[in-house]
Amino acid sequence: MAHTNESVVSEFVLLGLSKSWELQLFFFAIFSLVYVTSVLGNIVIIVTISSDSHLNSPMYFLLSNLSFIDICQSNFATPKMLVDFFVEHKTISFEGCMAQIFLLHSFVGSETMLLVTMAYDRFIAICKPLHYSTIMNRRLSIIFVFISWSVGILHSVSHLAFTVDLPFCGPNEVDSFFCDLPLVMELTCMDTYEMEIMTLTNSGLISLGCFLALIISYTIILITVRHRSSSRSSKALSTLTAHITVVILFFGPCIFFYIWPFSRLSVDKFLSVFYTVYTPLLNPIIYSVRNGDVKSAMQKLRNRHVNSWKN
């Protein structure tokens, strides 16, 4: 990646989560368990949905893509963090740092748009059930997924386009376990106030706007469900609860991180852990617990494999 001649910094030092060896061992044990569970859990959801014909609907197609994004999000920074727990001098190259910024914003932007798409899918299914199969077909679902990835990548490129050319001519310590834009911008040897405002507008307000739009959408859907008394409405309510829980837990740390991005608080570091390590785990846990169809499909898949082993 090209950058100006003023950028003499060739690598960044990651300060990590703690300097205490005991704490680092504790974090390694916890985060390793969470990481493996998250990746395997999301793989199980993808395999379950792809192998069960009863889950051949747009909602579950979108859910499997959400799991794929969560697998990607689990791997952009967490493996390096786990290795760095055993490394005294934690460093990352300039190119590696820019790559982490690009991947983070690509995955977060894509997941943001995918959650909006999933809300639209539920809105059509519950508020316009007679037109659902006509509107939400596989072709439109694929288009929505393509748009989600496109928006995520364009959102990330808009950040990276000016970041790679910033002059880094001295400080190179990033107070976290991965590179994120607000932290890296603090290290430049120029006034980045205008860029900070642009970052806040591009990331924070977009996240807040999407979050509010999702809350309004799900509120309308919940009101619609409440006025229908049937077992089908109860099933819809259970599915909606899973969706809303994921939305709140996904957007909460994101909005907090970008609403106060340039006055670093120690809590920000742990919000980053929640956002990058724990958020990808929410999808398999919430949907496997709250969604009866997914639970049933997982049970059938498990029984199928158990019977094949016995035979």
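Since we're looking at a predicted model, the values are computed, not measured.

This part takes up the overall build of the chain. Along the chain, the regular secondary structure elements total 11 helices and three strands. Counting from the amino terminus, the chain carries its helices and strands in the arrangement β-α-α-α-β-α-α-α-β-α-α-α-α-α. Relative to its full complement of 311 residues, the chain shows a buried share of 50%. Excluding contacts between residues fewer than 6 apart, the proportion of contacts in the chain whose partners are at least 24 apart in sequence is 81%. As presented, the chain carries roughly 15000 Å² of accessible surface, and 67% of it is formed by carbon and sulfur atoms.

Here strand β1 (residues 11-14) runs beside strand β2 (residues 91-93); their pairing, made up of three bridges, is antiparallel. What sits directly across from E11, in β2, is S93. Pairing geometry for β1 and strand β3 (residues 173-174), over two bridges, is parallel. Looking at the pairing, L14 lines up with V174 of β3.

Before going further, it helps to examine the nonpolar core. F31, L63 and L115 are the most contacted members of the largest nonpolar core, which totals 55 residues. Sorting the residues of this core by element identifies α1 (21-51), α2 (58-75), α3 (78-84), α4 (94-127), α8 (193-226), α9 (231-259), α10 (266-290) and α11 (292-310) as the ones contributing at least two each. Each residue touching F31, except ones within four places of it in the same chain, is listed here: L17, M81, L82, F85, V273, V277 and Y278. Of all hydrophobic cores here, the second largest spans 20 residues; its members include V9, C97, F168 and C179.

Here the structure, examined in full by the defined rule, presents 16 aromatic pairs. Ring geometry for W21 against F86: centres 6.0 Å apart, planes inclined by 75°, an arrangement best described as edge-to-face. On the criterion of sequence distance, the pair formed by W21 in helix α1 and F86 in the loop between α3 and β2 is long-range, its members being 65 residues apart. With a relative accessible area of 44%, W21 lands in the partly exposed category.

Together, V36, L40, I43 and V47 make up a nonpolar patch on the protein surface, roughly 310 Å² of accessible area in all. Position of V36 relative to the elements: it lies in helix α1. Overall, V36 belongs to the partly exposed group, its relative accessible area being 42%.

It is worth spelling out α8 at this point. Between its terminal C-alpha atoms α8 stretches 47 Å, which fits the 50 Å expected from 34 residues at 1.5 Å a residue. Taking the largest bend as the criterion, α8 deviates by roughly 30°, centred on T201. Those residues of α8 not exposed but buried are E196, T199, N202, S203, G204, S207, C210, F211, L214, Y218, I221 and V225.

The strand order across the open sheet built from three strands is β2-β1-β3, with neighbouring strands paired in mixed fashion. Edge positions in the sheet fall to β2 and β3, since each of these pairs with one other strand and no more. This element, α4, spans β1 and β2 of the sheet and lies at about 85° to β2.

Tallied over the entire structure, the rule returns three salt bridges. Here K300 ties to D52 by a salt bridge, and the two come within 3.3 Å at their closest N and O atoms. Here K300 is found in helix α11, whereas its partner D52 is found in the loop between α1 and α2, with 248 residues between them in sequence. Taking the relative accessible area as the measure of exposure, K300 reaches 37% and is therefore partly exposed. When the shortest N-O distance is used, the salt bridge between R122 and D121 registers 2.9 Å. For the pair formed by R122 and D121, the shared burial category is buried.

Along the chain, the position of H155 falls in helix α6 (residues 138-163). Here H155 falls in the buried class, since its relative accessible area comes to 15%. With residues near it in sequence (within four places) discarded, H155 still touches H105, N202 and S203.

All right, on to empty space enclosed by the protein then. This structure, assessed with the given rule, holds two cavities of 30 Å³ or more. Residue lining of the largest cavity: L14, G16, L17, M81, D84, F85, K90 and F177, and that is the complete set. Looking at the lining of the largest cavity residue by residue, the class counts come to five nonpolar, one polar and two charged. The space that makes up the second largest cavity amounts to roughly 30 Å³. Only α9 and α10 provide two or more residues apiece to the lining of the second largest cavity. The dominant element in the lining of the second largest cavity, judged by the number of residues it contributes, is α10, at three residues.

The next subject is the UniProt feature "transmembrane region" (unreviewed entry) in the chain. In the numbering used here, UniProt assigns the "transmembrane region" (unreviewed entry) feature to residues 25-47, 59-78, 98-120, 140-162, 205-225, 237-260 and 272-289. As a span, residues 205-225 carries 100% helix and 0% strand, and end to end its C-alpha atoms are 30 Å apart.

What counts and what doesn't
Residues numbered from 1 in each chain as written. Predicted model: local features only at pLDDT ≥ 70, side-chain atom pairs only at ≥ 80, totals over all residues. Heavy atoms only, no water. Helix = DSSP H or I, 4+ residues; strand = E, 2+ residues; numbered from the N terminus. Buried < 20%, exposed > 50% of the residue type's maximum accessible area, 1.4 Å probe, protein only. Contact = heavy atoms within 4.5 Å. Areas by Shrake-Rupley, 256 points an atom, 1.4 Å probe, with all protein chains shown as cover. Pairing = 2+ DSSP bridges. Core = buried A, V, L, I, M, F, W, Y, C linked by side-chain atoms within 4.5 Å. Phe/Tyr/Trp six-rings, centres within 6.5 Å; stacked < 30°, edge-to-face > 60°. Patch = residues over 30% accessible without salt bridge, like charges linked within 9 Å, V, L, I, M, F, W, Y side chains within 5 Å. Salt bridge = Lys/Arg side-chain N within 4 Å of Asp/Glu carboxyl O. Expected span 1.5 Å × (residues − 1). Bend = angle between axes of the 7 residues up to and from the residue. Axes fitted to C-alpha atoms, helices over the stretch in contact; angles between N-to-C directions. 1 Å grid on protein atoms, 1.4 Å probe; cavity = no way out; pocket = protein on both sides within 12 Å on 5 of 7 lines; lining within 4 Å. Points joined across faces, edges and corners; volume = space filled by probe spheres on them. Nonpolar A, V, L, I, M, F, W, Y, C, P; charged D, E, K, R; others polar. UniProt positions renumbered as here; feature names shortened; annotations may be inferred.

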